[in-house]
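Notes for the structure review
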Amino acid sequence: KRAYKPVSYVDQMAIHFSLNGNMIPKDSDEGRRQSIRLSIAAEKAPVENSAVTSEEAEIKDEESAGYTQAAEEEESEGSGTAEVAEASEAEEPPPPRVKEQKLANQFNFIERASRTLNNPMLERACQSEPTPCKNFSATANQWKIYDAYMEELQKMERSKEKEKPKAQIAKKEDEKKKGRKLTSLELQSDDITKISKAAKIMERMVNQNTFDDIAQDFKYFEDASDEYRDQQGTLLPLWKFQYDKTKRLAVTAISWNPKYKDLFAVGYGSYDFMKQGQGMLLLYSMKNPSFPEYVFSSESGIMCLDFHNDHPYLVAVGFYDGNVAIYNLKKATSQPSYKSSAKSGKHTEPVWQVKWQKDDMNNNLNFFSVSSDGRIVSWTLVQNELVHTDVIKLSAEGTTMQGPEGLQLQTLGCGTSFDFHKKIDYLFLVGTAEGKIYKCSKCYSSQFLDVFEAHHMAVDSVSWNPYHLKVFISCSSDWTVKIWDHTIKTPMFIYDLNSAVGDVAWSPYSSTVFAAVTTDGKAHVFDLSINKYEALCTQLVVAKKKNKITHIQFNPVHPVVIIGDERGHVTSLKLSPNLRKMPK
Amino acid sequence: AEVEETLKRIQAHKGVIATMVINAEGIPIRTTLDNSTTVQYAGLLRQLTMKARSTVRDIDPQNDLTFLRIRSKKHEIMIAPDKEYLLIVIQNPCE
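Residues numbered from 1 in each chain as written. Chains lettered and ligands numbered in written order. Predicted model: local features only at pLDDT ≥ 70, side-chain atom pairs only at ≥ 80, totals over all residues. Heavy atoms only, no water.

Going by an unreviewed UniProt entry, chain B carries the name DLRB2 protein and comes from Glareola pratincola. In its Function (unreviewed entry) section, the UniProt entry covering chain B states "Acts as one of several non-catalytic accessory components of the cytoplasmic dynein 1 complex that are thought to be involved in linking dynein to cargos and to adapter proteins that regulate dynein function. Cytoplasmic dynein 1 acts as a motor for the intracellular retrograde motility of vesicles and organelles along microtubules." The heading Subcellular location (unreviewed entry) in the UniProt record of chain B holds the text "Cytoplasm, Cytoskeleton". (UniProt positions renumbered as here; feature names shortened; annotations may be inferred.)

Looking up chain A in an unreviewed UniProt entry gives the name Dynein axonemal intermediate chain 1, with the organism given as Glareola pratincola. If you open the UniProt record of chain A and go to Subunit (unreviewed entry), you find "Consists of at least two heavy chains and a number of intermediate and light chains. Interacts with BICD2. Interacts with CFAP45 and CFAP52. Interacts with CFAP53." We quote the UniProt Function (unreviewed entry) comment for chain A here in full: "Part of the dynein complex of respiratory cilia."

What follows is the structure in structure tokens.
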């Protein structure tokens, strides 16, 4: 507070000089003694002086000189002092002596010390056992820390789950027991199934190495000669997929998986009425051309298949014997999950096409099927069973016959293909074996909205244009491909391809490009925006005489088409740039 | 089972010289080469795989190594790591 504060001791204080003083307080014993001694000495002097002056006065009065007096005094003093001193001494010797003696006693103190016996020291040590040490070294990587945290999280979650359902304790114990059994078995047999994932990846890699040039072509090759070819295009052959067991079967259906763009399903069966054998369903991935990913076999030939859009693991399949089935790819069995039977209303003729629909109001999966028995049936998966509902019966017009007992027999037309409109949900087209195309609605079960006199022979395929909502295309064994507007009765375009057309498909990337395949082994690709009358590409895909092409499909993402033929082969081809032009 | 078939197919594929399955301790479980070569490959490649995996995960712990390919003049060594196993295939890519 603005005043200097005395600090008694400072760290940095250095003592330069110290002198132990020997001042004794007056009042203490020692101090008194010393003062007495001094006073005796002082008394002697004045006493002596007075005695001396008196004597001198007597003796030497006459002598006036002070100094001589002084000198005499001095002399006399000397003698006087000696006398006085003697006198005083005589008077006072005893008390000082006594005092001195006393003083001496007080100062002469005797130190007397004694020492105890020291016990002999004995050192005794004891040592505890050293804690066991072990050398441990590890590197704390980023991922080790991350892993540790993830484990903690999982443990916490598990403990939370365990807390909640206490009623399921019994179940969990069972599961644990099973789990333990499994683990013990696995440990014993050192099972190799754990490596399945790695093996799969490896197989694909090995294949990629072998078919390296094809893989490179698929990804990067663009036919540069297209610039010189004046709008013609080519199809570059890529992989060829084949499997032993399907060598005698024909490809009857192909479809790409909506979710995994490299996965496609191929249905095998036989178009020959006389030679009906078993059927197969194979799913291939473009990443592994030498072996299918999934293999399913069935008793009857498969005629058609369709992937569900929302559940890409469900495949609906129609058989030659009129049955339909649903295969679930997630399950490991080779049997269909659900199958229709004669009891549940299967078709009496081969099922030519199946298509999934949106889930109905009860969220049940349902799909439609068309067959030569003239019925279009909707199948619904209700509580793990397929329930069928006849949607439409294709009555061939003008063919009611008089049967026995006056019954009116309706002969039914044979449906061979159908397609649902992309936007208008209830509208669909059915192609028949008589060459007619019916435009129908799901709401009307007996009446058609419209009839198109399309072809002279069976309509093999109908398909709505994915972009132009009024346009559809149809192909038939009468060698023609026709493009229609559904409001107009006559076709807009007719193409004659010199051979029975097996299948036609719109491309997913352009509204004017479509491809058709014919039984003479050729694939034709048309682009209406470039050339309305001729194909941009006509290419022989399979050996002409022995093999017929049956189906074609565009890959939704990559510029690849797959073509199936009668020998059980599936060929993939890449579209050259001229064929891939997008409309402006 | 199915895995056995896959491995057989890989071995029978064009250009494949050898296939090996090695467990987490570096002991070969299954191999088509002689023992000494297998052990040598196993030891060396296992260390390499661990280092590669450590690198990938250090950069991003949520990432993990799926496949490792070493292309040399003579052939290509492909390693597919699993949680406990290592599948090694040596192939001669026909060029």
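As a further point, take the UniProt feature "repeat: WD" (unreviewed entry) in chain A. The residues that UniProt annotates with the feature "repeat: WD" (unreviewed entry) are residues 452-485 of chain A. For residues 452-485 of chain A, helix accounts for 0% and strand for 59%, while the C-alpha atoms at its two ends are 11 Å apart. (Helix = DSSP H or I, 4+ residues; strand = E, 2+ residues; numbered from the N terminus.)

Residue and element names in this part refer to chain A. Spatial ordering of the open sheet is given by β10-β11-β12-β13, a layout of four strands whose pairing is antiparallel. One side of each edge strand has no neighbouring strand; the edge strands of this open sheet are β10 (351-356) and β13 (385-393). The sheet shows a mean angle of 25 degrees between the axes of neighbouring strands, direction not considered. As paired strands, β10 and strand β11 (residues 366-371) are joined by five bridges and run antiparallel to one another. Paired with Gln 353 across the strands is Val 370, a residue of β11. (Pairing = 2+ DSSP bridges. Axes fitted to C-alpha atoms, helices over the stretch in contact; angles between N-to-C directions.)

Quick look at the pairing of β13 of chain A now. Residues and elements named next belong to chain A. Examined bridge by bridge, strand β12 (residues 375-382) and β13 share eight bridges and lie antiparallel to one another. Along β13, the bridge assignment pairs Ser 378 with Thr 389. The turn linking β12 back onto β13 is made up of two residues, and Gln 383 within it adopts a positive phi angle of 50 degrees.

A few words on the confidence of the model for chain B. Low pLDDT means the predicted coordinates in that region are not meant to be read closely. For chain B, mean pLDDT is 87; residues scoring 70 or higher make up 98% of the total. Predicted complex metrics record ipTM = 0.78 and pTM = 0.66. (pLDDT = per-residue confidence, 0-100.)

Turning to the environment of Thr 518 of chain A, a few remarks are in order. Residues and elements named next belong to chain A. As for its position among the elements, Thr 518 is in strand β25 (residues 513-518). Judged by its relative accessible area of 0%, Thr 518 falls in the buried class. The spacing of Thr 518 and Thr 550 is 32 residues in sequence and 7.5 Å in space, taken between C-alpha atoms. Ignoring sequence-local partners within four residues, the contact set of Thr 518 consists of Leu 497, Ser 499, Ala 500, Val 501, Gly 502, His 524 and Ile 549. Within the structure, the side chain of Thr 518 is placed 2.2 Å from the side chain of Asp 520, a separation counted as a polar contact. (Buried < 20%, exposed > 50% of the residue type's maximum accessible area, 1.4 Å probe, protein only. Contact = heavy atoms within 4.5 Å. Polar contact = N/O pair within 3.5 Å; in protein donor to acceptor, adjacent residues only side chain to side chain.)

Here we take up the interface of chain B and chain A. Each partner contributes residues to the interface: chain B has 33 residues there, and chain A has 26 residues. Here chain B and chain A share an interface that buries about 2700 Å² over both sides, 65% of which is from carbon and sulfur atoms. Where chain B touches chain A, the interface holds two salt bridges. With its nearest N and O atoms 2.8 Å apart, the salt bridge here joins Asp 147 of chain A to Arg 57 of chain B. At the junction of chain B and chain A, the tally comes to seven residue pairs in polar contact (both at pLDDT 80 or more). (Buried area = accessible area lost by both parts, 1.4 Å probe. Salt bridge = Lys/Arg side-chain N within 4 Å of Asp/Glu carboxyl O.)

Going through the model one piece at a time under the given rule, you end up with ten salt bridges over all chains. Close ionic contact of Arg 53 of chain B with Asp 64 of chain B constitutes a salt bridge, the shortest N to O distance being 3.3 Å. Separated by eleven residues along the polypeptide, Arg 53 of chain B in helix α2 (residues 35-59) and Asp 64 of chain B in the loop between α2 and β3 (68-71) bring together distant segments of the chain. Its relative accessible area of 39% is what places Asp 64 of chain B among the partly exposed residues. When the shortest N-O distance is used, the salt bridge between Glu 76 of chain B and Arg 69 of chain B registers 3.0 Å. The network of salt bridges with common partners includes Lys 200, Arg 204 and Glu 293 of chain A.

Next up on the list: the packing of aromatic side chains. Residues and elements named next belong to chain A. Summed over all chains, the structure comprises 21 aromatic pairs over all chains. Judged by centre distance (4.5 Å) and plane angle (50 degrees), the rings of Tyr 495 and Phe 526 are tilted. Placement of Tyr 495 in strand β23 (residues 493-496) and of Phe 526 in strand β26 (residues 522-527) is noted, with a sequence separation of 31 residues between them. The exposure class assigned to Phe 526 is buried, which follows from its relative accessible area of 2%. Aromatic side chains Trp 506 and Phe 514 sit 5.6 Å apart centroid to centroid with 70 degrees between the ring planes, which places their arrangement in the edge-to-face category. Assigned by exposure class, Trp 506 and Phe 514 land together as buried. One aromatic cluster in this structure is built from Phe 493, Tyr 495, Trp 506, Phe 514 and Phe 526. (Phe/Tyr/Trp six-rings, centres within 6.5 Å; stacked < 30°, edge-to-face > 60°.)

This part covers the sheet that holds strand β21 (residues 471-476) of chain A. All names here are of chain A. Reading across the sheet, the four strands line up as β20-β21-β22-β23 and stay open at both edges, with antiparallel pairing between neighbours. Taken across any chain shown, the strands that pair with only one partner, and hence form the sheet edges, are β20 (459-464) and β23. The mean angle between the axes of side-by-side strands here comes to 15 degrees, regardless of whether they run parallel or antiparallel. Inspection of the sheet shows strand β22 (residues 480-485) paired to β23 by four bridges, in the antiparallel sense. Following the sheet pairing, Val 481 is matched in β23 by Tyr 495.

We now examine the side chain of Gln 539 of chain A. Residue and element names in this part refer to chain A. Relative to the elements of secondary structure, Gln 539 occurs in strand β27 (residues 537-540). Owing to a relative accessible area of 18%, Gln 539 belongs among the buried residues under this scheme. Polar contacts involving the side chain of Gln 539 include one to the main-chain carbonyl oxygen of Leu 235, which spans 2.5 Å. Once residues within four sequence positions are removed from consideration, Gln 539 is found in contact with Thr 234, Leu 235, Gly 521, Lys 522 and Ala 523.

Before going further, it helps to spend a moment on the pairing of strand β2 (residues 28-31) of chain B. Residues and elements named next belong to chain B. Of the pairings in the sheet, the one linking strand β1 (residues 16-22) to β2 comprises three bridges and is antiparallel in character. Each residue of the ladder has a partner; that of Val 21, found in β2, is Arg 30. Linkage of β1 to β2, two consecutive antiparallel strands, is achieved through a turn of five residues, within which Gly 26 is found at a positive phi near 90 degrees.

A word on the side chain of Ser 255 of chain A. Residues and elements named next belong to chain A. Along the chain, Ser 255 turns up in strand β2 (residues 250-256). Judged by its relative accessible area of 10%, Ser 255 is buried. Setting aside chain neighbours within four positions, we find Ser 255 in contact with Phe 264, Ala 265, Leu 305 and Phe 307.

All names here are of chain A. Averaged over every residue, the pLDDT of chain A is 75; the share at 70 or more is 77%. Within chain A, helix α4 (residues 142-163) carries the highest mean pLDDT (89), whereas helix α5 (residues 169-189) carries the lowest (43). Predicted confidence is poor over residues 60-98, with pLDDT under 50, and the contacts of this stretch with residues over four places away or in other chains come to 40 contacts. Contacts from residues 170-189, a stretch scored under 50 in pLDDT, to residues over four places away or in other chains number five contacts.

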